[in-house]
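The residues making up each chain are set out below.
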Amino acid sequence: MADTKAPEPGIPVGGDAGPPSRALGALPPQQLLRGPLGLLLAAACGLFAAWHLYVLNIAPMETWAFRISHVAGALALGFVLSGPSMAPEDARFEGWPTRLLGLLGLALIAAAGGLLVYAAILLRGGMSAADLPGWILSYFGPLLAAGTLVAMVSSWIAPIHQQMIRTSDWALALASIIVAAFFLIALDTLGLRLRAGTPFADPSNSWAALVGVALIMELTRRLAGPPLVIIAAVFVAYAFLGPYLPGFLSHAGYTWGRFFSYIYTDNGILGPTTAVSSTYLMLFITFAAFLQVTKVGEYFVDFSFALVGRARGGPAKVAVFASGLMGTINGTSAGNVVATGSITIPLMKKVGYKPQTAAAIE
């Protein structure tokens, strides 16, 4: 008998078949979006890449603002384009409780966004940050954090729908945008640069940073699996567990507000890694995608096949030669994976290479 359970509220874009079952901790599949929503998100990805090209070549932005916007855009797109659930297929919950959980998370996050918009209107009208009604920022952080937590839990336990973006995914994307909006407003009005990491940092700064770190770790879990998240969580925990550790591992410890307000600066999340990602990698990946669409990447692969395709271990040698040729014009391993890896990695897997080995060779 066909399953008659209604899917969680979202925006369907064609088809109703779900993905196959996966083991606990397995990497989630990407969304298979089609129809108007698929085209809309493709356009959003194109605009995101075009915005980087515009800022890096025509109209530069202030460094912190650019990196904050880069992280926000990547998070928002990542949440709506990646499969979210981490529970086994037979352990997921359906029905109204899960649906209401996603809607509750979205409502709490939207309420936090409304408070931020109200504060921005007051600031734009000439009011200083010190004169803002205290309840605005005091409620903003807890509402945002609570809504993000509820949305994450909803996304973990709800069924996967590869051809639908669920309410919890929209909520997490909205939370990413609100975190960035807060930091862009706080750069000057709340003295974020000078107060971050000090006892004078505004509590709402720490709340926004806490949510930002949680969102980054959640998207990392979706796209790269639990190991990276576990490593990051250990180092975050070390900042608070220092007073209880023995010997050289011991330190005085940090308050949560001071730690998280400092970690979301150019000494942490907005530091060298984000600098490279927002400048070099975005340009080269965009360039590699252009070469792929124009079939230049296929030329490199075909040329490599002609040279070493019949040799022992041919697909791996093709990957090396094609990546070398592509590297002469784009200079980045990430760009190579986009341009030639989309062809050579499946080819290596087809002839028996392990997925990890194929990726490492490419």
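Because the structure is a prediction, the values reported are computed rather than measured.

Engineer: Just give me the short version of the overall build of the chain, but keep the residues and values in it.
Structural biologist: Summing up its helical and strand segments, the chain has 14 helices and two strands in all. Put simply, the chain has 362 residues, and 42% of those count as buried. Within the chain, residue pairs in contact and separated by at least 24 positions form 74% of the contacts whose partners lie at least 6 positions apart.

Engineer: Residue-level account of the confidence of the model for the chain, with values.
Structural biologist: Per-residue pLDDT for the chain has a mean of 78; in total, 77% of the residues score no lower than 70. Helix α2 (residues 63–81) holds the highest mean pLDDT among the elements of the chain, 92, whereas strand β1 (residues 10–12) holds the lowest, 40. Low confidence marks residues 1–29, where pLDDT is under 50. Its contacts with residues over four positions away, or in another chain, come to 68 contacts. In this model, residues 85–91 is a region of pLDDT below 50 whose contacts with residues beyond four sequence positions or in other chains number 21 contacts.

Engineer: Tell me what's going on with empty space enclosed by the protein, and back it up with residues and numbers.
Structural biologist: Going through the model one piece at a time under the given rule, you end up with two cavities of 30 Å³ or more. Taken as a whole, the largest cavity spans an internal volume of roughly 70 Å³. Put simply, the parts of the chain that give the lining of the largest cavity at least two residues each are α3 (96–124) and α5 (167–189). Within the lining of the largest cavity, the residues separate by chemical class into 11 nonpolar, one polar and no charged.

Engineer: Before we move on, can you summarise the pattern of salt bridges with the specific residues and values?
Structural biologist: Proximity of charged atoms lets side chains of opposite charge pair with each other. Enumeration according to the criterion identifies four salt bridges in this entry. Taken together, the shared-partner salt bridges connect Arg166, Asp169, Glu218, Arg221 and Arg222 into one network.

Engineer: Report on the environment of Pro346, specifying residues and quantitative values.
Structural biologist: Looking at the element boundaries, Pro346 is found in helix α13 (residues 333–350). Accessibility expressed as a relative area gives 43% for Pro346, which makes it partly exposed. When the C-alpha positions of Pro346 and Ala359 are compared, they lie 9.5 Å apart, and in sequence the two are 13 residues distant.

Engineer: Tell me about the packing of aromatic side chains, and please be specific about residues and values.
Structural biologist: Tallying each qualifying case throughout the model produces 10 aromatic pairs. Look at Tyr118 and Trp135: their rings are 6.0 Å apart centre to centre, the planes differ by 25°, and that puts the pair in the stacked class. Here Tyr118 is found in helix α3, whereas its partner Trp135 is found in helix α4 (residues 134–157), with 17 residues between them in sequence. For Trp135, a relative accessible area of 42% corresponds to the partly exposed category. Both rings, one in Phe183 and one in Tyr264, keep their centres 4.6 Å apart while their planes meet at 10°; by these two values the pair is stacked. A residue pair is termed long-range when its members are at least 10 positions apart, and Phe183 in helix α5 and Tyr264 in the loop between α9 (256–263) and α10 (272–293) qualify at 81 residues. According to the relative accessible area criterion, Tyr264 is buried, its value standing at 4%.

Engineer: Any details on the packing of helix α1 (residues 35–57) against α2? Residues and values, ideally.
Structural biologist: Two numbers describe a pair of packed helices, the interaxial angle and the distance between the axes. Remark: α1 packs on α2, axes separated minimally by 11 Å, with the N-to-C direction vectors making an angle of 165°. Taken together, the axes of α1 and α2 lie roughly antiparallel to each other. Here the hand of the crossing between α1 and α2 comes out left-handed. Note on element contacts: α2 touches α1 through Phe66, Ser69, His70, Gly73, Ala74, Leu77, Val80 and Leu81, opposite Leu41, Ala44, Cys45, Phe48, Trp51, His52, Val55 and Leu56. Taken together, the residues of the contact of α1 with α2 sort by class into 12 nonpolar, four polar and no charged.

Engineer: Can you lay out the environment of Gly314 for me, pointing to particular residues and giving the numbers?
Structural biologist: Along the polypeptide, Gly314 turns up in helix α12 (residues 314–330). Considered as a pair, Gly314 and Val351 are 37 residues apart in the sequence and their alpha carbons are 9.7 Å apart.

Engineer: Mind laying out the packing of α5 against helix α7 (residues 203–224), listing which residues take part and the relevant values?
Structural biologist: Remark: α5 packs on α7, axes separated minimally by 10 Å, with the N-to-C direction vectors making an angle of 140°. Taken together, α5 and α7 sit at an angle that is classed as oblique. Read as a crossing pair, α5 and α7 show a hand that is left-handed. Along its contact with α5, which presents Asp169, Leu172, Ala175, Ser176, Val179, Phe182 and Phe183, the element α7 presents Ser204, Asn205, Ala208, Ala209, Val211, Gly212, Leu215 and Arg222. Its residues assigned to classes, the contact of α5 with α7 comprises nine nonpolar, four polar and two charged.

Engineer: Tell me about the side chain of Ser154, and name the residues and values.
Structural biologist: As for its placement among the helices and strands, Ser154 is situated in helix α4. Residue Ser154 is classed as buried on the basis of its relative accessible area of 0%. Within the structure, the side chain of Ser154 is placed 3.4 Å from the backbone nitrogen of Gly102, a separation counted as a polar contact.

Engineer: Just give me the short version of α9, but keep the residues and values in it.
Structural biologist: Those residues of α9 that sit buried are Gly257, Phe259, Phe260 and Ser261. Among the structural elements, α7 and α8 (226–241) are those in contact with the buried residues of α9.

Conventions used here
Residues numbered from 1 in each chain as written. Predicted model: local features only at pLDDT ≥ 70, side-chain atom pairs only at ≥ 80, totals over all residues. Heavy atoms only, no water. Helix = DSSP H or I, 4+ residues; strand = E, 2+ residues; numbered from the N terminus. Buried < 20%, exposed > 50% of the residue type's maximum accessible area, 1.4 Å probe, protein only. Contact = heavy atoms within 4.5 Å. pLDDT = per-residue confidence, 0-100. 1 Å grid on protein atoms, 1.4 Å probe; cavity = no way out; pocket = protein on both sides within 12 Å on 5 of 7 lines; lining within 4 Å. Points joined across faces, edges and corners; volume = space filled by probe spheres on them. Nonpolar A, V, L, I, M, F, W, Y, C, P; charged D, E, K, R; others polar. Salt bridge = Lys/Arg side-chain N within 4 Å of Asp/Glu carboxyl O. Phe/Tyr/Trp six-rings, centres within 6.5 Å; stacked < 30°, edge-to-face > 60°. Axes fitted to C-alpha atoms, helices over the stretch in contact; angles between N-to-C directions. Parallel < 35°, antiparallel > 145°, perpendicular 65-115°, else oblique. Left-handed = near helix turned anticlockwise from the far one by under 90°. Polar contact = N/O pair within 3.5 Å; in protein donor to acceptor, adjacent residues only side chain to side chain.

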